[in-house]
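Here are the chains, one letter per residue:
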Amino acid sequence: FNTSRLSEAARQFARRLAGRDQEWPILELWWAQREALSQNLLDPFKMAIGVQMPTSAGKTLLAEFSIVQALALNPSSTVAYIVPTRALVTQVTKRLRSDIQTTDSQGRNVVVESAIPVFELDPTEDAMLSHRPDVLVTTPEKLTLLVRSRHPVVRDLAMVVVDEAHHISEPSRGPRLELLLATLKRERGTSCRFLLLTPFLPNAEELARWLGGTDYAAISLDWRPSLQLRAVGHWARRNKKFYDQLTLVPSVTQPPEWQGVQVTLGEAHIQPTTRSRPGISASVAVSLAASGSSTLILTRGPKTAEERALTIAEIIQSERGASEISSDLNDVTSYIENELGSDYPLATTLRQGVAFHHAGLPPEVRILVETLLARGLVSIVTGTSTLAQGVNFPLASVIVETLKVPQGRGQPYRALQFSEFWNIAGRAGRALKDRVGTVIWPSDGPRSDQEFIEFLEGEAANVVSALARVLASVADVSTDYGLDLVRRQPVLSDFLQYLAHALRVGGFTQASAEIEDVLRASLVFHRLRQDDRDLAEQLIRWSRRFLEANRDRGLLVVAEATGFS
């Protein structure tokens, strides 16, 4: 591909990607990647750049180009790459080491390290990070800890890459990510640039403007390397037999005339007496696997994921009987049996090429499942919404069983957000492997069909700062700023920690005098000043009283270092 207009570091990186020594050399960039490079992606004068592209459209490679250039321009600095989950930390670290951890244009090795544990920095990790890596892959929680403790690894940040940036709207973790970015923006000034990557962020431009001021760019490209269809899966009865069938539904990703087109996959693997959505899901997955299609099934919770995987494995075993498995698959099942017990269901399902994946699995087991998927040794995987948070599974089809997701133990289920759905749906269609990816809703009747169609037709709202919802309760909070405040209003924890950090860094006099500047760095204050100046002033007064009440307390020293927990 033509790299004549790129910097020398970017050109050298491109030559390395296309080298003969690469197992899978890249000879041409996709259209969306070329377009992003032509739209200021590598402009060093842009302090914040937002990139909105569908899942599997090549955002990670664009981030690598940006990282290579940032390190070439700032050879003594570090790039922080923020991802939302441990699984992504492992996956991104592995990829970056493969792609860029080689000799750069200055003749030195690019070192990529990861940091995962959330609430502590153990001595071994501390020693490793003290030898400053060029790229640090971590989570928002861990980077917050490193910033609060003033760790040397974050002393000179040239760039912060925020993968899956739409998580800033999450009620639970969004405020922490937002305030981390606000802290970096305020304290690092013009020395640190931001790159926001997201598959679904209608107001990416606003976020880029918040972080970059007047020096920002927003790149939005609606392009995928493969066609993606939306369909309902159901059973069609003919000649006293049931067949797995797909019916295409209205969707922006497919031509209108395709609506209602039906595709028969084959005879159903479950002959029901009544319609059953779980049964349809399992039967369709087996039919797709028989045709060579790898499939992800989004289930309502971990228990359901395990149950569905066992059902599918039993169907496959009853139809195909015992079969030989690869040495890699055998090694993994043996490891699981030794670690979790011979009766653990994952060992049983894996022997049939079926896996489940959720947060309840030990981290090393999740990594093994992801490795088996990447190598094509597992054809069907079931799991919760956490499975699809950016993890790059090679999948041809996604079966969405539920539009509700769990919030935590003992909490009611909540509606699946549009951003979550599109992030999961984006897994369907393996680049360079599948010309068509399919997103399927198992349906047991017309009402179920309509539920899915209406969901697809819904318009996702712009990402609303999660901190705005948190601070809506400030007016109702008393002036008792002790620990009881956090017990009564746990959602204020991250915001108070943000104020505590400002107090510790600048001292009371400076923090109190500059409280408006401290708050202005946050996205919510950026919006308040535009929409409700009275509320913005109220927030300033409340925050100043909080600093006054805690100016001499050791509480904030502890809280700033460990968090309000």
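Enquirer: Where do I start with the overall build of the protein in this structure?
Expert: Of the regular secondary structure elements, the protein holds 22 helices and 17 strands. For the protein, the proportion of its 565 residues judged to be buried stands at 54%. When contacts within the protein are restricted to residue pairs at least 6 apart in sequence, those whose partners lie at least 24 apart make up 71%. Element-wise, carbon and sulfur atoms account for 49% of the exposed surface of the protein, whose accessible area totals about 25,100 Å².

Enquirer: Would you mind going over the side chain of Asp-134 with me for this structure?
Expert: Mapped onto the secondary structure, Asp-134 falls in the loop between α5 (123-130) and β4 (135-138). Of note is the side chain of Asp-134, whose polar atom sits 2.7 Å from the backbone nitrogen of Val-111.

Enquirer: Just checking my understanding: could you explain the packing of aromatic side chains for this structure?
Expert: Evaluated as defined, the whole model comprises seven aromatic pairs. Taken together, a centroid distance of 6.2 Å and an interplanar angle of 65° make the contact between Trp-235 and Phe-242 edge-to-face. Assessed through its relative accessible area of 15%, Phe-242 is described here as buried. Ring geometry for Trp-441 and Phe-452: centres 5.4 Å apart, planes at 0°, overall stacked.

Enquirer: Can you help me understand the sheet that holds strand β17 (residues 436-442) in this one?
Expert: Strand pairing in a sheet takes place through backbone hydrogen bonds and is either antiparallel or parallel in direction. Reading across from one edge, β10-β9-β8-β17-β14-β11-β13-β12 is the order of the eight strands in this open sheet, with mixed pairing throughout. Where the open sheet ends on each side, the last strands, each with one partner, are β10 (262-267) and β12 (354-357). Pairwise comparison of adjacent strand axes, ignoring direction, gives a mean angle of 25° for this sheet. Where strand β9 (residues 241-248) lies against β10, five bridges are found, and the strand directions are antiparallel. Bridge pairing in β10 places Asp-244 opposite Gly-266. Across the sheet, helix α9 (residues 277-290) is in contact with β8 (227-238), β9, β10, β11 (295-298), β13 (380-383), β14 (397-400) and β17; its angle to β17 comes to roughly 160°.

Enquirer: Got a minute to help me understand the pattern of salt bridges in this structure?
Expert: Two side chains that carry opposite charge are able to pair once their charged atoms sit near each other. The tally for this structure, following the rule as stated, stands at 12 salt bridges. The salt bridge involving Arg-15 is made with Glu-8; its shortest N-O contact spans 3.2 Å. Its relative accessible area of 39% is what places Glu-8 among the partly exposed residues. The residue Glu-337 makes a salt bridge to Arg-351 at a minimum N-O spacing of 3.2 Å. Of this pair, Glu-337 sits in helix α11 (residues 327-340) while Arg-351 sits in the loop between α12 (345-350) and β12, and the two are 14 residues apart along the sequence. In this structure Arg-351 comes out as partly exposed when scored by relative accessible area, which is 30%.

Enquirer: Is there a simple way to explain the nonpolar core in this structure?
Expert: Buried together is how nonpolar side chains tend to be arranged in soluble globular proteins. In terms of nonpolar packing, the biggest core is built from 60 residues, with Ile-312, Ile-336, Leu-346, Leu-350, Ile-380, Val-400 and Phe-421 touching the most fellow members. Setting aside residues up to four positions removed in sequence, Leu-346 forms contacts with Ile-336, Ala-355, Phe-356, Leu-361, Val-365 and Val-369. Counting residues in each nonpolar core, the second largest holds 51 residues, with Ala-511, Leu-519, Trp-542 and Leu-547 among its members.

Basis of the calculations
- Residues numbered from 1 in each chain as written.
- Predicted model: local features only at pLDDT ≥ 70, side-chain atom pairs only at ≥ 80, totals over all residues.
- Heavy atoms only, no water.
- Helix = DSSP H or I, 4+ residues; strand = E, 2+ residues; numbered from the N terminus.
- Buried < 20%, exposed > 50% of the residue type's maximum accessible area, 1.4 Å probe, protein only.
- Contact = heavy atoms within 4.5 Å.
- Areas by Shrake-Rupley, 256 points an atom, 1.4 Å probe, with all protein chains shown as cover.
- Polar contact = N/O pair within 3.5 Å; in protein donor to acceptor, adjacent residues only side chain to side chain.
- Phe/Tyr/Trp six-rings, centres within 6.5 Å; stacked < 30°, edge-to-face > 60°.
- Pairing = 2+ DSSP bridges.
- Axes fitted to C-alpha atoms, helices over the stretch in contact; angles between N-to-C directions.
- Salt bridge = Lys/Arg side-chain N within 4 Å of Asp/Glu carboxyl O.
- Core = buried A, V, L, I, M, F, W, Y, C linked by side-chain atoms within 4.5 Å.

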